[in-house]
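Close look at the chain arrangement
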Amino acid sequence: MVAINNSTEIRCQEKSRGGLSYEVILAEPAPNVAVPKKPVTPGKNVSAEEIENKLKAAEERRISLEQKKMADLSYKLAKIEEATRKKDEITNEFINQTKENLETKMEQHVEKREAIISDLKEKLKIHSQEIEKTREQLEHQKYVEKIAIEEKLKSAQTLRDENIKKMLERLKEHNTIKIAEIKNQIDQLESQKIEEKARIIENKLYTAEQNREKEIQKKIEKVHKLERRAEMVRQNKAALCEENKGTAIASSG
């Protein structure tokens with residue numbers, strides 16, 4: 001393995017089995033340059049055993065170097081694994097903490113929603129009781145007014161009969177035709193008065209009934225409005241729970 005050119009330098013490269021390489025440069029001596037004397041080395045002839053020993057030593061050095069590289073690589077891999085493990089632990093801890101915080105907030109939100117719904121139900125219950133109480137009071141008032149009207153009508157009839165009786169007694173001495181005319185006039189006048197009073201009382205009762213119906217209708221509409229609000233709150237709560245479940249599943253996945 002010798003390369004020879006026209007130049008004055010000759011290069012030769014060899015490799016041993018141990019992976020070591022060396023290069024020999026052969027060149028003509030430059031002019032006016034003193035050639036160093038070749039030192040005399042004792043034991044010029046190298047035996048095969050010495051070569052074998054050198055090769056073994058080189059091989060052992062190579063193996064030792066590779067073992068050291070493997071040890072360094074294992075140490076670096078161990079450090080990488082430890083760093084990865086710590087990172088995973090921190091990530092898992094963060095995920096668990098976030099999940100716990102989210103669950104706590106969800107529980108608080110649900111409790112708050114439940115409290116609002118319970119409060120609305122209680123208010124609806126109280127309002128319904130008030131409506132029922134008002135209805136009963138109106139019914140009782142109507143009954144009392146009806147009894148009072150009937151009593152007034154009875155009193156008026158009794159008073160009319162008494163007045164007629166008195167008038168008849170005072171007019172007993174008059175002739176029958178005159179008495180009949182007077183009685184007829186009195187009956188007409190009394191009938192007109194009774195009819196007028198009855199019409200006034202009926203108008204009052206009708207007005208009171210209309211007002212009562214309007215008041216009950218207003219309270220019923222208010223109850224319906226509160227029921228719609230409660231239903232909206234319930235639907236929002238259900239939607240929020242479904243959304244939170246989806247978020248929790250996505251986080252765990």
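Residues numbered from 1 in each chain as written. Predicted model: local features only at pLDDT ≥ 70, side-chain atom pairs only at ≥ 80, totals over all residues. Heavy atoms only, no water.

Section: the overall build of the protein chain
Across its full length, the protein chain carries 2 helices and 2 strands. The linear arrangement of helices and strands in the protein chain, starting from the amino end, is β-β-α-α. Sequence-distant contacts in the protein chain: of pairs separated by 6 or more residues, those separated by 24 or more amount to 54%. Of the roughly 21900 Å² of accessible surface on the protein chain, a fraction of 55% belongs to carbon and sulfur atoms. (Helix = DSSP H or I, 4+ residues; strand = E, 2+ residues; numbered from the N terminus. Contact = heavy atoms within 4.5 Å. Areas by Shrake-Rupley, 256 points an atom, 1.4 Å probe, with all protein chains shown as cover.)

Concerning helix α1 (residues 48–170)
The end-to-end C-alpha distance of α1, which contains 123 residues, comes to 178 Å, matching closely the 183 Å that a straight helix rising 1.5 Å per residue would cover. Turning to α1, its buried residues are Ala58, Ile117, Leu120, Leu124, His127, Ile131, Thr134, Ile149, Arg160 and Ile164. (Expected span 1.5 Å × (residues − 1). Buried < 20%, exposed > 50% of the residue type's maximum accessible area, 1.4 Å probe, protein only.)

Considering a nonpolar patch on the surface
On the surface, Met70, Leu73, Leu77 and Ile80 cluster together into a nonpolar patch covering about 390 Å² of accessible area. On the basis of relative accessible area, methionine 70 is assigned to the exposed category, the value being 52%. (Patch = residues over 30% accessible without salt bridge, like charges linked within 9 Å, V, L, I, M, F, W, Y side chains within 5 Å. Salt bridge = Lys/Arg side-chain N within 4 Å of Asp/Glu carboxyl O.)

Focus: the confidence of the model for the protein chain
Mean pLDDT over the protein chain stands at 78; residues scoring 70 or higher make up 77%. Contacts from residues 1–12, a stretch scored under 50 in pLDDT, to residues over four places away or in other chains number 23 contacts. (pLDDT = per-residue confidence, 0-100.)

Comments concerning the environment of valine 110
Turning to its location among the elements, valine 110 is positioned in helix α1. Taking relative accessible area as the criterion, valine 110 reaches 29% and is therefore assigned partly exposed. For the pair valine 110 and alanine 238, spaced 128 residues apart in the sequence, the C-alpha separation amounts to 9.8 Å. Those residues in contact with valine 110, other than ones at most four positions away along the chain, are Lys237 and Cys241.

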